[in-house]
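Structural features, examined
Listed below are the residues making up each chain.
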Amino acid sequence: MYEGKKVFFVLPHEIVREHIIKILSENEYEVYIINDQRKLETLVHRYPDSILYINIDGTLTESEWKTTIGKLISQNAGLQVGILSGRITDPEMVNSYILDVGISCGFIQLRQGVKDCSAHMIKVLEANEAKGRRKYLRLKCELNGQTTLNFNHYASHYKGSILDISSVGLSCVFDTSPDLTKNELLTNIQLKLGGFLLNTDAVIIGSRNDQGTIIYVLLFKFPPERVAQRSKIRSYIHNTLQKELEKRLS
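Read on for a plain summary of the structure.

Calculation notes
- Residues numbered from 1 in each chain as written.
- Predicted model: local features only at pLDDT ≥ 70, side-chain atom pairs only at ≥ 80, totals over all residues.
- Heavy atoms only, no water.
- Pairing = 2+ DSSP bridges.
- Helix = DSSP H or I, 4+ residues; strand = E, 2+ residues; numbered from the N terminus.
- Axes fitted to C-alpha atoms, helices over the stretch in contact; angles between N-to-C directions.
- Buried < 20%, exposed > 50% of the residue type's maximum accessible area, 1.4 Å probe, protein only.
- Right-handed = clockwise from strand over helix to strand, strands pointing away.
- Parallel < 35°, antiparallel > 145°, perpendicular 65-115°, else oblique.
- Contact = heavy atoms within 4.5 Å.
- Phe/Tyr/Trp six-rings, centres within 6.5 Å; stacked < 30°, edge-to-face > 60°.

1. A closer look at the sheet that holds strand β4 (residues 80–85)
One open sheet accounts for 5 strands, arranged β2-β1-β3-β4-β5; its pairing is parallel. Two strands lie at the open edges of the sheet, namely β2 (30–34) and β5 (107–109), each paired on one side alone. Across the sheet, the axes of successive neighbouring strands diverge by a mean angle of 20°, strand direction being ignored. Where strand β1 (residues 6–10) lies against strand β3 (residues 51–55), 4 bridges are found, and the strand directions are parallel.

Right, here's the structure in full:
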């Protein structure tokens, strides 16, 4: 397992939407929101080795949730499920999901607060190797003019298209290939990521020739005053992946 696992939050509470998902994204987990439990079977069919965190506080009754979750687990050997609840605190009810239904990713009681809940989830995700062998979540970019970069290099101005991007770097191709060398520092690069712009410095860490096209790999070097830009990149990656998922499930 190299790419890691997708983590889906089904009908998440506001505390999860507004805080916990952002924390997990900042920790480089691939997280998604599912707003319709009727899409669960389709979702699991497409991503059988994923992790589901299901909010059981609404929509279905407790017995219906147990039946639905138990069926998903029994029919999908690679699926891992955790429970989210802001109302259930009774140990017997909690244990019934763990022992009878067979959930493997914990019963998260949201009354514990954002800090404790997110810490608990991160431990569970680490134990289940949700990142695989990767350290950073990477987004492959479509060459549609929405993910680009440009910068000045000596007396010339260069524009390029981003092929993929993570919070630590990117790979790209240029309209006109610049004369760049390994370990060279490029300053004040402007990145266009969908609807927003950001600026960074970067170091050329390598290049390769792909059927006559030179692909460059850049490692970001954010100045101290721009360190928050990494969070913007993570947010862009998360939002783009979420939109792509919604298209596939529509």
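2. Topic: the pairing of β4
Most of β4 sits inside the fold, with 6 of its 6 residues counted as buried. The alternating pattern of β4 places Q80, G82 and L84 and V81, I83 and S85 on opposite faces, both of which are buried. Pairing between β3 and β4: 5 bridges, direction parallel. Within the sheet, the bridge partner assigned to I54 lies in β4 and is I83. Two elements, β4 and β5, share 3 bridges in a ladder whose sense is parallel. Residue pairing across strands places S85 opposite Q109, the latter belonging to β5. Once you follow β4 into helix α4 (residues 91–101) and on to β5, the crossover reads as right-handed.

3. Some words on the packing of helix α1 (residues 14–26) against helix α6 (residues 229–249)
Two elements in contact, α1 and α6, have axes whose closest approach is 10 Å; the angle formed by their N-to-C orientations is 110°. Between α1 and α6, the crossing angle belongs to the class labelled roughly perpendicular. Residue-level contacts link I21, S25 and E26 of α1 to S231, R234 and H238 of α6.

4. Quick look at unusual backbone geometry
Residues other than glycine seldom take positive phi values, yet E28 does so here, at roughly 70°. Relative to the helices and strands, E28 resides in the loop between α1 and β2. Judged by relative accessible area, which is 6%, E28 ranks as buried. Residue Q211 is not a glycine yet carries a positive backbone phi of 55°. Tracing the backbone through its elements, the reader meets Q211 in the loop between β11 (196–210) and β12 (213–221).

5. Comments concerning the packing of aromatic side chains
Inspection of the entire model under this criterion finds 9 aromatic pairs. Pairing F196 with Y236 gives two aromatic rings, centres 6.1 Å apart and planes at 80°, and the pair type is edge-to-face. Taken as a pair, F196 in strand β11 and Y236 in helix α6 lie far apart in primary sequence, 40 residues in all. Its relative accessible area of 27% is what places F196 among the partly exposed residues.

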